[in-house]
Amino acid sequence: MSKVKDLEHARHSIEQFTFMLPNLHLVQGIEEALAVPEPLGDPAAVRARAQDYAKAAASFAKATTDLSGVAANQLPSVWTGSVAEHATQAVHAMSAETTTSKDTLAEAAKVLDTWANDLQWAKSTDAQGRQQLHDAGERARHDPTGFDQGARETALAGVDARLAAARRAESCGTGTAGKLNQLAAKARAARAGDGSTDPLAAVVLATEKNPGAGEDGDYILTPNQLDRANQVLGVMTGADQAAFRALLSGAKSPEESAYLWKALAAGHPVADIQRFDAQIHPHGDDPAWLAQHLVPATSTDDTRRESSDNLDVTYQGQPVSIDGYGVYSQRNVSDCVAASTVIAQAKLDPLLMFRLTTGGTPDTPGADSPENFGQRLQDAYLGEYRDGQRADGNKKVYPQVDAGLGATAQTYLADKDLGRATGADYEHVELKSDEDRRNAVTRIEKSVDEGLPVPITVRNEDSGHQMMIIGRDGDKLQIYNPWGFTSWVTEEQFINSQLGGLTPGDHPLNTSTALELPK
């Protein structure tokens with residue numbers, strides 16, 4: 001049991017009144033409350049570490065300023081052409097990496113300082129509570145057969161103080177660990193440089209971002225993809241390694257290189273990546289074109305909103321609807337599992353997204369129109385839906401049968417599609433209580449911090465729906481709904497079955513009942 005549970009049990013013992021030897025029973029309850037250990041940790045040591053991080057952040061801030069100046073003004077004038085371009089890219093990447101390090105260390109310092117303050121309050125409050133319990137116990141022991149109401153009230157005040165301290169210590173400890181884990185996931189260049197990648201190339205690779213905004217203006221490669229691409233490269237044959245490095249060497253921009261690495265991480269053989277690069281290479285020096293066709297926006301512009309009243313989506317910078325439905329909508333078919341999985345996989349796999357946006361013919365007029373994109377998406381949704389129905393054991397599939405997918409199909413599609421694109425093995429996890437959901441939060445956080453999407457099933461009394469957890473910001477989770485939009489919810493809302501805002505309508509689906517989690 002946790003300290004909070006143990007203290008709650010002790011409080012119940014103190015609160016109970018017995019006619020036989022009431023003070024003796026009170027003393028037993030007090031001893032039970034005092035047996036619970038005090039909050040662990042040294043606030044001074046935590047605060048000292050916070051100060052160390054703040055000092056390191058200041059050093060990185062100076063380095064960032066120096067590198068930015070070098071990149072902008074101080075490269076040797078004799079460097080020209082591609083040599084200067086590559087040098088500028090490398091210095092800019094180093095500047096970006098030091099900026100990330102500065103921001104991460106500064107944020108870690110704030111997190112640790114807050115934890116130190118919370119821990120100090122918890123230890124001080126706990127000490128006051130223990131003193132009250134000791135005082136109440138001394139009074140009650142003087143007359144074991146009597147009843148001392150004052151001692152009982154003092155004991156209750158003491159155990160309440162200890163409970164408040166334990167709750168603060170538990171919540172701030174868990175919150176701090178979650179925030180630090182999220183910050184640790186930002187150590188991007190180290191992830192890229194763990195394998196056989198040249199250290200400077202690793203920095204350039206890890207710092208490449210899309211030119212868009214919001215979720216789609218983030219890094220091209222997730223932390224998991226940085227790891228996985230290096231692992232795949234390390235076990236390739238010599239010929240395949242040479243062929244892949246030749247593609248990188250011929251890339252027109254760091255962005256083109258990053259998408260090649262992303263394709264490698266998604267599990268594609270070198271021959272497929274070569275064909276892919278032959279199609280995107282003419283546009284390799286156009287980051288905007290690459291982003292539009294390999295990671296187009298999958299949600300409204302305002303991805304931080306916490307309501308779901310605006311269901312418009314954008315493609316190529318314009319609000320789009322097809323036959324009255326959003327371009328990323330599953331329409332009126334019960335294929336939410338397939339639809340959410342397709343979008344999550346496409347965000348991870350540039351070859352799949354390229355086929356969806358262009359049909360494999362990027363320079364054919366109209367091939368990348370929103371209408372054609374939307375039709376390919378619908379075809380992909382329905383293809384995966386039928387695969388899922390077969391995995392569930394259905395002898396007939398859509399359009400003959402349109403009844404949604406069960407747990408077997410959910411895990412099958414997660415493993416087949418998301419597992420291929422990430423290297424993760426997914427398992428079905430039932431959520432039967434608030435405690436189950438609370439216990440799942442740590443695994444959800446770890447997964448999305450690594451760039452591994454987490455399918456989530458929500459239900460009401462009559463129906464269910466699958467969506468996709470695709471990110472987090474502190475204690476908020478970012479969830480993609482295949483109705484065509486992305487929303488944010490707090491982890492407490494997830495735990496306490498308050499998810500109705502994700503599925504607007506007359507019968508919102510409040511409760512998460514299952515997850516597909518990477519093992």
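Residues numbered from 1 in each chain as written. Predicted model: local features only at pLDDT ≥ 70, side-chain atom pairs only at ≥ 80, totals over all residues. Heavy atoms only, no water.

Novice: I would appreciate a short explanation of the pattern of salt bridges in the present structure.
Specialist: Where charged atoms of side chains with opposite charge meet at close range, the side chains can pair. Evaluated as defined, the whole model comprises 22 salt bridges. The closest approach of N and O atoms between Lys-123 and Glu-38, which form a salt bridge, is 3.5 Å. Taken together, the residues span a long stretch of sequence, with Lys-123 in helix α4 (residues 81-141) and Glu-38 in the loop between α2 (22-34) and α3 (43-74) at a distance of 85 residues. The exposure class of Glu-38 is partly exposed, given its relative accessible area of 36%. (Salt bridge = Lys/Arg side-chain N within 4 Å of Asp/Glu carboxyl O. Helix = DSSP H or I, 4+ residues; strand = E, 2+ residues; numbered from the N terminus. Buried < 20%, exposed > 50% of the residue type's maximum accessible area, 1.4 Å probe, protein only.)

Novice: Looking at this model, I keep getting lost on the confidence of the model for the protein. Mind explaining?
Specialist: Low-pLDDT portions of the prediction should not be read for the details of their coordinates. On average, residues of the protein carry a pLDDT of 80, and 78% of them reach 70 or more. Per-residue pLDDT stays below 50 along residues 189-207; that stretch engages in 48 contacts with residues further than four places along the chain or on separate chains. In this model residues 212-217 is a low-confidence stretch, pLDDT under 50, and it forms 16 contacts with partners more than four residues away in sequence or in other chains. (pLDDT = per-residue confidence, 0-100. Contact = heavy atoms within 4.5 Å.)

Novice: Is there a simple way to think about the packing of helix α13 (residues 336-348) against helix α16 (residues 407-422) in this case?
Specialist: Helix packing for two helices is described by the angle between their axes and how far apart those axes are. Orientation of α13 relative to α16, taken along the N-to-C sense of each, is 5 degrees, at an axis distance of 9 Å. Comparing their axes, α16 and α13 come out roughly parallel. Here Val-337, Ala-338, Thr-341, Ala-344, Gln-345 and Leu-348 of α13 come into contact with α16, specifically with Gln-410, Leu-413, Asp-417, Leu-418, Ala-421 and Thr-422. Of the residues that constitute the contact of α13 with α16, the class distribution is seven nonpolar, four polar and one charged. (Axes fitted to C-alpha atoms, helices over the stretch in contact; angles between N-to-C directions. Parallel < 35°, antiparallel > 145°, perpendicular 65-115°, else oblique. Nonpolar A, V, L, I, M, F, W, Y, C, P; charged D, E, K, R; others polar.)

Novice: Even after reading the chapter, I still don't get α13, so can you show me in this structure?
Specialist: Residue pairs spaced three or four apart in an α-helix point in one direction, given the helix's 3.6 residues per turn. Taking 1.5 Å as the rise per residue, α13 with 13 residues should run 18 Å; its terminal C-alpha atoms sit 19 Å apart, in good agreement. The element α13 is largely enclosed, with a buried count of twelve among its 13 residues. Listed in full, the buried residues belonging to α13 are Cys-336, Val-337, Ala-338, Ala-339, Ser-340, Thr-341, Val-342, Ile-343, Ala-344, Gln-345, Ala-346 and Leu-348. (Expected span 1.5 Å × (residues − 1).)

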